[in-house]
Amino acid sequence: MSAMNQDQLKANVGRRAASYIEPNLTAKSVIGVGTGSTANYFIDALADSKNKFYGAVASSEATADRLNHYGIRVYDLNEFDEILYYIDGADESNGNLELIKGGGGALTREKIVASVAREFICIIDESKQVNVLGSFPLPVEVIPMARSAVARKLVGLGGQPVYRHDFVTDNGNVILDVHGLDMSNPTKVEDSINGLPGVVTQGLFAKRPADLLLVARKSGDVDEVRRQAAF
């Protein structure tokens, strides 16, 4: 069997994630859906089961549009105290299932939806697994008037922020992609950046890491890694 290309890997892990959604038509079966190319493959796979669960909460307008395209009911998160699963991709994952997310710019809504999910299932291909986070620049969502002020503070933290030109988040804010940060303690970095005035949030999911990591391998296998087994 020949090795899978990246699109095939994403489709494979998306199908595996969809298999976790068991038939349940009560409101307790609402799932959160992430944003990005891997999440899109999950949505494609989920379409076959759309009449077996109550509906979804979307982490971006683009995700809501894709869910609606398949006839999957999309709800406002404010209607629920808790959702069953949050399924999303990541730009990087370390061995503790701490993540960098936000390459697609939806990091704030992704973080909100993940915070109310009973279980966060992260779906990636094997190229996203790293020993130490940080090769992928850390996205930071910033209120526009604070862009330069926050950038200077990020330089003071050891980072090299780059303004993401011609991009505005669904929340009307801008993104600074930060290179070169010391990620040996992701939780500390997360707290430090969140404390800067003007920062909405950043793409480190260290305080709320994934509970389950599904990793698509070029061999065609999908590995499952539980967070408690990673420490």
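Our subject is the structure listed above.
Summarised in this report is the structure supplied together with it. (Residues numbered from 1 in each chain as written. Predicted model: local features only at pLDDT ≥ 70, side-chain atom pairs only at ≥ 80, totals over all residues. Heavy atoms only, no water.)

## Structural notes on the overall build of the protein
Inference 1: Within the protein one finds six helices and 13 strands.
Inference 2: Its C-alpha radius of gyration of 17 Å places the protein within 12% of the 17 Å reference for a compact globule of 231 residues.
Inference 3: Based on the C-alpha atoms only, the size of the protein along its principal axes is roughly 50 × 40 × 30 Å.
Inference 4: Across the 231 residues that make up the protein, the buried fraction comes to 52%. (Helix = DSSP H or I, 4+ residues; strand = E, 2+ residues; numbered from the N terminus. Rg over C-alpha atoms; globule rule 2.2 N^0.38 Å. Buried < 20%, exposed > 50% of the residue type's maximum accessible area, 1.4 Å probe, protein only.)

## Things to note about the packing of aromatic side chains
Inference 1: What the rule picks out here adds up to four aromatic pairs.
Inference 2: Measuring from ring centre to ring centre gives 5.2 Å for Tyr86 and Phe120, while their planes differ by 45 degrees; the resulting arrangement is tilted. Residue Tyr86 is located in strand E3 (residues 83-88), and its partner Phe120 is located in strand E6 (residues 117-125); the two are separated by 34 residues in the primary sequence.
Inference 3: Among the aromatic residues, ring-to-ring pairing joins Tyr54, Tyr75 and Phe80 into one connected group.
Inference 4: Seen from the ring of Tyr163, Arg147 lies directly overhead, with NZ or CZ sitting 4.2 Å from the centre.
Inference 5: Arg164 extends its terminal NZ or CZ atom over the ring of Phe167, reaching a point 5.2 Å from the ring centre. (Phe/Tyr/Trp six-rings, centres within 6.5 Å; stacked < 30°, edge-to-face > 60°. Lys NZ or Arg CZ within 6 Å of the ring centre and 35° of its normal.)

## A few points about the environment of Ile112
Inference 1: Residue position: Ile112 is located in helix H4 (residues 107-115).
Inference 2: Considering only alpha carbons, one finds Ile112 and Leu213, 101 residues apart in sequence, at a separation of 19 Å.

## Things to note about the packing of helix H1 (residues 6-18) against helix H2 (residues 37-46)
Inference 1: At a minimum axis distance of 8 Å, the contact between H1 and H2 shows a crossing angle of 50 degrees. In terms of axis orientation, H1 runs oblique to H2. The interaxial crossing formed by H1 with H2 has right-handed handedness. Here Asp7, Lys10, Ala11, Val13, Gly14, Arg15, Ala17 and Ala18 of H1 come into contact with H2, specifically with Ser37, Thr38, Tyr41, Phe42, Ala45 and Leu46.
Inference 2: Class assignment for the residues of the contact of H1 with H2 results in eight nonpolar, three polar and three charged. (Axes fitted to C-alpha atoms, helices over the stretch in contact; angles between N-to-C directions. Parallel < 35°, antiparallel > 145°, perpendicular 65-115°, else oblique. Left-handed = near helix turned anticlockwise from the far one by under 90°. Contact = heavy atoms within 4.5 Å. Nonpolar A, V, L, I, M, F, W, Y, C, P; charged D, E, K, R; others polar.)

## Some thoughts on the sheet that holds strand E4 (residues 92-93)
Inference 1: If you trace the three strands from one edge of the open sheet to the other, you get E4-E5-E11, paired in antiparallel fashion. At either end of the open sheet lies a strand with only one pairing partner, and these are E4 and strand E11 (204-205).
Inference 2: Note: E4 against strand E5 (residues 99-100), two bridges, orientation antiparallel. By the bridge assignment for E5, Glu92 is matched with Ile100. (Pairing = 2+ DSSP bridges.)

## Looking at the sheet that holds strand E8 (residues 160-163)
Inference 1: Overall, antiparallel pairing links the four strands, which are arranged E8-E9-E7-E10 in an open sheet. In this open sheet, the two strands that pair with only one neighbour each are E8 and strand E10 (199-202). On average, adjacent strands in this sheet sit at an angle of 30 degrees to one another, irrespective of strand direction.
Inference 2: Inspection of the sheet shows E8 paired to strand E9 (residues 174-179) by four bridges, in the antiparallel sense.

## Thoughts on the pattern of salt bridges
Inference 1: One pass over the structure, following the stated rule, counts 14 salt bridges.
Inference 2: Where Asp211 meets Arg208, a salt bridge forms, and the shortest distance between an N and an O atom there is 2.9 Å. (Salt bridge = Lys/Arg side-chain N within 4 Å of Asp/Glu carboxyl O.)

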